[in-house]
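Residue-level listing of the chains:
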Amino acid sequence: MFEFGKEEPIANNASLYERNNGEDKLNFDQSKGRELNRYSFVSKSGSPDSIPMLICELLNQIGLKVVVAVSWLINLPGKSAVAAKVIEKKYLKNGWNTYVRNDHYLAFKELKLSEIDSWPPMAVQYSDGGVLLLIGNENEEAMLTILNEGCASFLARTRYFVPDEKFFEQLESRNVSALYQVNDQLNNTGIVLLGKHSISMTSGEKFSIIATYEGDSAYKVFV
């Protein structure tokens with residue numbers, strides 16, 4: 001069962017944060033006025049399969065290419081100097097593309113709806129790094145340019161995605177949306193869909209919406 005936060009257009013969400021450009025400082029979300037929509041879902045109870053089912057529904061409605069990006073540090077705290085390279089080799093073996101950006105690795109691969117049978121998808125492990133989905137009609141490399149070095153580095157270090165002004169601006173100017181995990185205060189799994197695309201969400205056979213909060217009240221799904 002999900003609680004659903006609907007921002008059409010995006011509001012100031014008191015449960016979410018944004019990063020200062022070039023810094024790790026987090027500020028409370030001040031998104032209002034941007035030409036974007038944001039949808040938040042928190043699984044308050046129910047089957048573990050409900051998250052991938054929900055994500056399949058969201059991606060199916062948008063109907064565009066999906067790219068999974070995984071980010072992890074070159075120097076992993078408390079691990080050997082080769083640990084990050086071992087992670088890279090695993091992704092390369094499974095057909096992912098990888099490259100290095102400053103202090104972190106990025107692995108990326110196109111995601112098919114049929115491959116979404118878990119969260120994170122495609123056998124990605126939380127111990128590997130932070131995960132972000134990008135949804136659009138561009139090729140993989142072009143979509144990945146939306147994920148700037150600051151956001152990708154923060155994702156690698158914290159396994160928690162927080163957009164900054166540059167990221168918001170990229171989503172506003174391009175036909176791309178982002179999907180990422182933000183849990184609620186009780187650590188229930190939450191999913192955020194951010195971008196110009198719009199969705200229509202009601203309870204279905206595979207999952208149920210038990211509460212909907214709109215606009216300035218959308219933050220309530222996380223509390």
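Cut-offs and rules
Residues numbered from 1 in each chain as written. Predicted model: local features only at pLDDT ≥ 70, side-chain atom pairs only at ≥ 80, totals over all residues. Heavy atoms only, no water. Salt bridge = Lys/Arg side-chain N within 4 Å of Asp/Glu carboxyl O. Buried < 20%, exposed > 50% of the residue type's maximum accessible area, 1.4 Å probe, protein only. Pairing = 2+ DSSP bridges. Helix = DSSP H or I, 4+ residues; strand = E, 2+ residues; numbered from the N terminus. Axes fitted to C-alpha atoms, helices over the stretch in contact; angles between N-to-C directions. Contact = heavy atoms within 4.5 Å. Core = buried A, V, L, I, M, F, W, Y, C linked by side-chain atoms within 4.5 Å. Patch = residues over 30% accessible without salt bridge, like charges linked within 9 Å, V, L, I, M, F, W, Y side chains within 5 Å. Areas by Shrake-Rupley, 256 points an atom, 1.4 Å probe, with all protein chains shown as cover. Polar contact = N/O pair within 3.5 Å; in protein donor to acceptor, adjacent residues only side chain to side chain. Arc of directions from axis to C-beta. Phe/Tyr/Trp six-rings, centres within 6.5 Å; stacked < 30°, edge-to-face > 60°.

1. Topic: the pattern of salt bridges
Pairing of side chains with opposite charge becomes possible as their charged atoms draw close. Following the criterion strictly, the structure yields twelve salt bridges and no others. Note that Arg-38 is salt-bridged to Asp-29, the shortest N-O span being 2.7 Å. Exposure remark for Arg-38: the relative accessible area of 1% places this residue in the buried category. The partner of Glu-138 in a salt bridge is Arg-174, with the nearest N and O atoms 2.5 Å apart.

2. What about the sheet that holds strand E6 (residues 97-101)?
With respect to topology, nine strands assemble into an open sheet ordered E6-E7-E5-E8-E9-E10-E4-E1-E11, the strand pairing being mixed. Two strands close off the open sheet at either side, each with one partner strand: E6 and strand E11 (209-214). Strand-to-strand twist of the sheet, defined as the mean angle between neighbouring strand axes without regard to direction, takes the value 20°. Strands in contact with helix H2 (residues 83-93) are strand E5 (65-73), E6 and strand E7 (104-111); relative to E5, the strand with the most contacts, it is inclined by about 160°.

3. Some thoughts on the environment of Pro-48
With respect to the helices and strands, Pro-48 occurs in the loop between strand E4 (37-43) and helix H1 (50-62). Between the C-alpha atoms of Pro-48 and Phe-108, which are 60 residues apart in sequence, the distance is 25 Å.

4. A short note on the nonpolar core
Of all hydrophobic cores here, the largest spans 39 residues; its most connected members are Phe-41, Ile-55, Leu-133, Leu-179 and Met-201. Listed by contribution, the elements that provide at least two residues to this core are strand E1 (2-7), E4, H1, E5, H2, E7, strand E8 (130-136) and strand E10 (190-195). Sort the elements by how many residues they give to this core and H1 lands first, with six residues. Grouped together as the second largest cluster of nonpolar side chains are 29 residues, Leu-36, Cys-151, Phe-168 and Ala-178 included.

5. Structural notes on a nonpolar patch on the surface
Where nonpolar side chains cluster on the molecular surface, the patch consists of Tyr-17, Leu-26 and Phe-28 and spans about 270 Å² of accessible area. Counting through the fold element by element, Leu-26 comes out in strand E3 (residues 26-28).

6. Here's the deal with the pairing of strand E9 (residues 176-181)
Looking down a regular strand, the side chains alternate between one sheet face and the other. The buried fraction of E9 amounts to six of the six residues, a majority that puts the element mostly inside the structure. Going residue by residue along E9, you find Val-176, Ala-178 and Tyr-180 tucked away on one face and Ser-177, Leu-179 and Gln-181 tucked away on the opposite face as well. In this sheet, E9 lies alongside E8 in antiparallel orientation, the contact comprising four bridges. Each bridged residue has a counterpart across the sheet, and for Gly-136 the counterpart in E9 is Val-176. Two strands pair when backbone bridges link them, and E9 and E10 are joined in this way by four bridges, in the antiparallel orientation. For Leu-179, the partnering residue across the bridge sits in E10 and is Leu-193.

7. A word on the side chain of Ser-31
Of note, Ser-31 is situated in the loop between E3 and E4. When near neighbours in sequence (up to four residues on either side) are disregarded, Ser-31 contacts Ile-10, Ala-11, Asn-12, Glu-18, Arg-38 and Phe-168.

8. As for the side chain of Glu-138
Looking at where Glu-138 falls in the secondary structure, it is placed in the loop between E8 and helix H3 (140-144). Within polar-contact distance, the side chain of Glu-138 engages the side chain of Arg-174 at 2.5 Å. Sequence-distant contacts of Glu-138, defined by excluding residues within four places in its chain, comprise Lys-65, Met-143, Arg-174 and Val-176.

9. With respect to helix H5 (residues 165-173)
Count 3.6 residues to each turn of an α-helix, and residues three or four apart come out pointing the same way. Listed in full, the buried residues belonging to H5 are Phe-167, Phe-168 and Leu-171. The buried side chains of H5 occupy one side of the element, clustering within an arc of 100° when seen end-on. For H5, the elements touching its buried residues are strand E2 (17-19), E8, helix H4 (149-158), E9 and E10. Its side-chain oxygen 3.2 Å from the backbone nitrogen of Lys-166, Asp-164 forms the N-cap of H5.

10. As for the packing of aromatic side chains
Here the structure, examined in full by the defined rule, presents nine aromatic pairs. Taken together, a centroid distance of 5.9 Å and an interplanar angle of 75° make the contact between Tyr-99 and Phe-108 edge-to-face. Given the relative accessible area of 4%, Phe-108 is considered buried. Ring-pair connections join several aromatic residues into one group, and the members of that group are Trp-72, Tyr-91, Trp-96 and Tyr-105.

In short, shape yes, function no, at least from these values alone.
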